[in-house]
Amino acid sequence: MPDDHRDPASEKIVVSGFRHFFETAGGHVQATDQVDLTIRSGEFVTLVGPSGCGKTTLLKALAGFIRPSEGTILCDGKPVTGPGRERGVVFQELAILPWRTVRRNIGHGLEIAGIPRAERERTVARLIELTGLAGFEDRYPHELSGGMRQRVAVARTWAADPDVILMDEPFAAVDAMTRLTLQEELVRLCTATQKTVFFITHSVDEAVFLADRVLVMSRRPGRIKAMIDVPGRLAGRDWESFKIDAAMQALVEQVLRLVREERGLTTPAAPAIAAGPGA
Amino acid sequence: MSATTAASARTGVPGQSMLAAAGRQLRGLKILLPFAALVALWWAIYASGDFSPQVLVSPLTVWQAFVHLVTYGVMAEYASTSLRMIGFAAMLSMVIGVPIGFAIGVNRYAAHALEGFLRFLQGISGIAWLPLAIIWFGFTHTTTLVIVIYTLIVPIIFNTMIGVRAIPESYMLALRSLGASRLRMVKDVYLPGALPSIVVGLRLGMGYGWRALIAAEMLVRKGGLGDLIFGARTFGQIDRIITGMIVIGCLYVIVDRLIVQPIENLTIARWGVLRK
């Protein structure tokens, strides 16, 4: 895949020759095929692909939770050797702590970093405002709806102010209407804060709606089979105009076709299944 | 009825709260009902036959023995020995058991390796260790303490381990990506995450430990309620035996309801439905 935007200064994350294998009881499983990828500073990249294609494996390697079997991952030119504060993660499943209030969950990263209380509270208050959690500061997670809990998870990651944010299907577990709101809020939050975001999703609509660039991964062992640029993110997006924007919908169609090929639904020139005699 | 409405009109509280209070009283009565039935049955049996006081006495005689033991401070002495012993054993078991449970819980291999072993130990009751303990430590408080701690500590270790292992991996990953140190993880994730399970372990342990304590006291004979009822047997004091048994049951309920259960409720209220 030729990358026409080569400029080392703006290269936030560089993945080269990445490959990953798992040892299981059944033997050697290849999670991903070779992945080469450059994410520019301030870019919002989404990754779609069929289940089990290795999306989460790639994200875990970027986060530093696993070490690549092969290849290297650089963040700001330095190799990733473990988790770090400059790379925040928002998980699909609930990862906020049930025994901490909203306020203390959001401020947790700052508390760990040893930020003084007054400054911490200012940051937390700003994020509570940005994520629409005002009035719920002293509630515990079990007192919140699924959508609000996910807002807390997002706010906690943003509060720690990492350069890069890795998101693994963060809105998969919330209801469809809430998801739309959360996606629009995320667009606003990213425009306001200029983070580099790597976002995994199953939803083609979501992938195009949020991104500067959509990556499509092939089925396992996954590799990146296509990159599609989506223009105009920083101008702001909302679902109403997105749905009637012909150019955007064409991109959605294109991505959808690429993903469905991988699921074997519209395989071009699929070999006919030979029916044996008596079958 | 008119009194109710008048009262609620005066306080501005709907008559419902009085109904609720009445309901609570009714529930209190319901809890006492089986006890009343047992005493009635006991009395009926006693009245229907001609029992020697060496075999069975009436509830009234037991009540008189209770009053006597309390008045002369005998009950306080024996009961406080038992309560001090269980309290001390519970504290020591927590101090030793929780760190051990943690160490096992955070290590997947250790947890796998030791799960069967801990279950095996759970199978050998504290009482089964009494013969060995008596040989090693004699008829002393040490023997009793060792038995009770052994009984208490196994469920505490086991439940701490389970509690640590049940913490979702995502909590750990999230904190690591926020830059948390190992100490920070213990303080912010492992300890609060495992707490509800630790409390369950403590509660189970207190139940088992109390029973083991009474049994050990019966053999060791150095004070405590077990000593009281076993000593009374020597003199055929049925009234004292039954009094002691009732006190043993009551003290357990009081300790469980007034100390252990409130701690458990507190953690459940705090942790909410998320902990399932």
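Note that the structure is predicted; figures quoted are calculated from it, not measured.

Reading the values: the criteria
Residues numbered from 1 in each chain as written. Chains lettered and ligands numbered in written order. Predicted model: local features only at pLDDT ≥ 70, side-chain atom pairs only at ≥ 80, totals over all residues. Heavy atoms only, no water. Helix = DSSP H or I, 4+ residues; strand = E, 2+ residues; numbered from the N terminus. Rg over C-alpha atoms; globule rule 2.2 N^0.38 Å. Buried < 20%, exposed > 50% of the residue type's maximum accessible area, 1.4 Å probe, protein only. Contact = heavy atoms within 4.5 Å. Areas by Shrake-Rupley, 256 points an atom, 1.4 Å probe, with all protein chains shown as cover. Salt bridge = Lys/Arg side-chain N within 4 Å of Asp/Glu carboxyl O. 1 Å grid on protein atoms, 1.4 Å probe; cavity = no way out; pocket = protein on both sides within 12 Å on 5 of 7 lines; lining within 4 Å. Points joined across faces, edges and corners; volume = space filled by probe spheres on them. Nonpolar A, V, L, I, M, F, W, Y, C, P; charged D, E, K, R; others polar. pLDDT = per-residue confidence, 0-100. Phe/Tyr/Trp six-rings, centres within 6.5 Å; stacked < 30°, edge-to-face > 60°. Lys NZ or Arg CZ within 6 Å of the ring centre and 35° of its normal. Buried area = accessible area lost by both parts, 1.4 Å probe. Polar contact = N/O pair within 3.5 Å; in protein donor to acceptor, adjacent residues only side chain to side chain. Core = buried A, V, L, I, M, F, W, Y, C linked by side-chain atoms within 4.5 Å. Pairing = 2+ DSSP bridges. Axes fitted to C-alpha atoms, helices over the stretch in contact; angles between N-to-C directions.

A. Region of the structure containing the overall build of chain A. Across its full length, chain A holds nine helices and ten strands. Its C-alpha atoms give chain A a radius of gyration of 20 Å, near enough to 19 Å, the size a compact globule of 279 residues would have. By principal-axis analysis of the C-alpha atoms, chain A measures approximately 75 × 45 × 45 Å. Expressed as a percentage of its 279 residues, the buried residues of chain A come to 51%. In chain A, once contacts between residues fewer than 6 apart in sequence are set aside, the share between residues at least 24 apart is 69%. Approximately 12,700 Å² of chain A is accessible, and the part contributed by carbon and sulfur atoms is 51%.

B. Spatial organisation of the pattern of salt bridges. Applying the stated rule across the entire model yields 26 salt bridges over all chains. Arg184(B) serves as the salt-bridge partner of Glu111(A), at 3.2 Å between the closest nitrogen and oxygen. In this pair, Glu111(A) is assigned in helix α3 (residues 108–112) and Arg184(B) in helix α9 (residues 182–220), connecting two distinct chains. If you follow the salt bridges from partner to partner, you end up with Arg100(A), Arg104(A), Glu111(A), Arg184(B), Lys187(B) and Asp188(B) in one network.

C. Focus on empty space enclosed by the protein. For the structure shown, the criterion picks out three cavities of 30 Å³ or more. Around the largest cavity sit Leu130(A), Thr131(A), Arg151(A), Val154(A), Phe171(A), Leu182(A), Glu185(A), Leu186(A) and Leu189(A), which together line it. Of all the secondary structure elements, the ones that give two or more residues to the lining of the largest cavity are α5 (146–159) and α6 (176–193) of chain A. The class makeup of the residues in the lining of the largest cavity is six nonpolar, one polar and two charged. When its volume is computed, the second largest cavity comes out at roughly 70 Å³. Lining the second largest cavity are Leu83(B), Ile86(B), Met206(B), Trp210(B), Leu251(B), Tyr252(B), Val255(B), Asp256(B) and Val260(B).

D. Quick look at the confidence of the model for chain B. All names here are of chain B. This prediction gives chain B a mean pLDDT of 88; 91% of its residues lie at or above 70. Between residues 1–12, whose pLDDT stays under 50, and residues either more than four places distant or in other chains, the model counts six contacts. Scoring of the predicted complex yields 0.77 for pTM and 0.82 for ipTM.

E. Region of interest: the packing of aromatic side chains. Considering all chains together, one arrives at eleven aromatic pairs over all chains under this definition. Geometrically, the ring pair formed by Phe171(A) and Phe199(A) is tilted, given 6.1 Å between the ring centres and 55° between the ring planes. Linking Phe171(A) in the loop between β7 (164–168) and α6 with Phe199(A) in strand β8 (residues 196–201), this pair joins segments that are 28 residues apart in sequence. Of the two residues, Phe171(A) and Phe199(A), both sit in the buried class. A connected cluster of aromatic rings, assembled from ring pairs, spans Phe44(A), Phe171(A) and Phe199(A). Against the face of Tyr109(B) rests Arg108(B), its NZ or CZ located 5.7 Å from the ring centre. Sitting above the plane of the Phe230(B) ring, Arg233(B) keeps its charged end 4.9 Å from the centroid.

F. Layout of the interface of chain A and chain B. Each partner contributes to the interface: chain A provides 25 residues, whereas chain B provides 22 residues. Between chain A and chain B, the buried area comes to about 2,100 Å², and carbon and sulfur atoms account for 67% of it. Of all residues in chain A, the largest losses of buried area upon contact with chain B belong to Trp99(A), Ile112(A) and His142(A), amounting jointly to 32% of the total for that side. Scanning the region where chain A abuts chain B turns up two salt bridges. Put simply, chain A and chain B have four residue pairs in polar contact (both at pLDDT 80 or more) between them. Going through the elements one at a time, β6 (87–90), α3 and α5 of chain A are the ones with two or more residues in the side of chain A that touches chain B. The element best represented in the side of chain A that touches chain B is α3(A), accounting for four residues. Its residues assigned to classes, the side of chain A that touches chain B shows 14 nonpolar, four polar and seven charged.

G. Molecular detail of helix α8 (residues 169–177) of chain B. In terms of burial, α8(B) is a largely internal element, seven of the nine residues being buried. Tucked into the core, α8(B) has its buried residues touching β6, α3 and α5 of chain A together with α9 of chain B. Positive phi appears at Gly179(B), one or two residues downstream of α8(B), with a value of about 90°.

H. The arrangement of the nonpolar core in detail. Among the nonpolar cores identified, the biggest contains 55 residues, and Leu152(B), Met206(B), Trp210(B) and Leu225(B) are the most heavily contacted of them. Sorting the residues of this core by element identifies α4 (74–106), α5 (108–123), α7 (141–165), α8, α9, α10 (225–234) and α11 (238–271) of chain B as the ones contributing at least two each. Looking at this core element by element, the count peaks at twelve residues for α7(B). Among all residues touching Trp210(B), those that are not within four sequence positions of it are Ser82(B), Leu83(B), Ile86(B), Leu225(B), Ile248(B), Leu251(B) and Tyr252(B). Formed by 49 residues, the second largest nonpolar core is a distinct cluster that contains Val152(A), Leu186(A), Val187(A) and Ala207(A).

I. Summary view of the sheet that holds strand β5 (residues 78–79) of chain A. Residue and element names in this part refer to chain A. Pairing in this open sheet of four strands is antiparallel, and the strands run β2-β1-β4-β5 from one edge to the other. At either end of the open sheet lies a strand with only one pairing partner, and these are β2 (27–40) and β5. Summarising the sheet, strand β1 (residues 11–24) and β2 pair through ten bridges and their orientation is antiparallel. Paired with Phe22 across the two strands is Val29, which belongs to β2. Taken strand by strand, helix α1 (residues 55–63) contacts β1, β2 and β4 (70–75), and its axis lies near 120° from that of β1.

J. Structural detail: the confidence of the model for chain A. When the pLDDT values of chain A are averaged, the result is 87; 91% of them are 70 or greater. In the model, residues 267–279 of chain A has pLDDT below 50 throughout and makes two contacts with residues more than four positions away in sequence or in other chains.

K. Highlighting the sheet that holds strand β10 (residues 224–229) of chain A. Residue and element names in this part refer to chain A. Strand order in the open sheet formed by six strands is β6-β7-β8-β3-β9-β10, and the pairing between neighbours is mixed. On the outer flanks of this sheet lie β6 and β10, each paired with one strand and no other. Geometrically, the sheet is characterised by an average inter-axis angle of 15° between neighbouring strands, direction not taken into account.

L. Structural view of unusual backbone geometry. All names here are of chain A. Of note, the bond from Arg220 into Pro221 is cis; its omega dihedral lies within 30 degrees of zero at -10°. Residue position: Pro221 is located in the loop between β9 (213–217) and β10. Here the phi dihedral of Glu169 falls at roughly 45°; this positive angle occurs in a residue that is not glycine. With respect to the helices, strands and loops of the structure, Glu169 is situated in the loop between β7 and α6.

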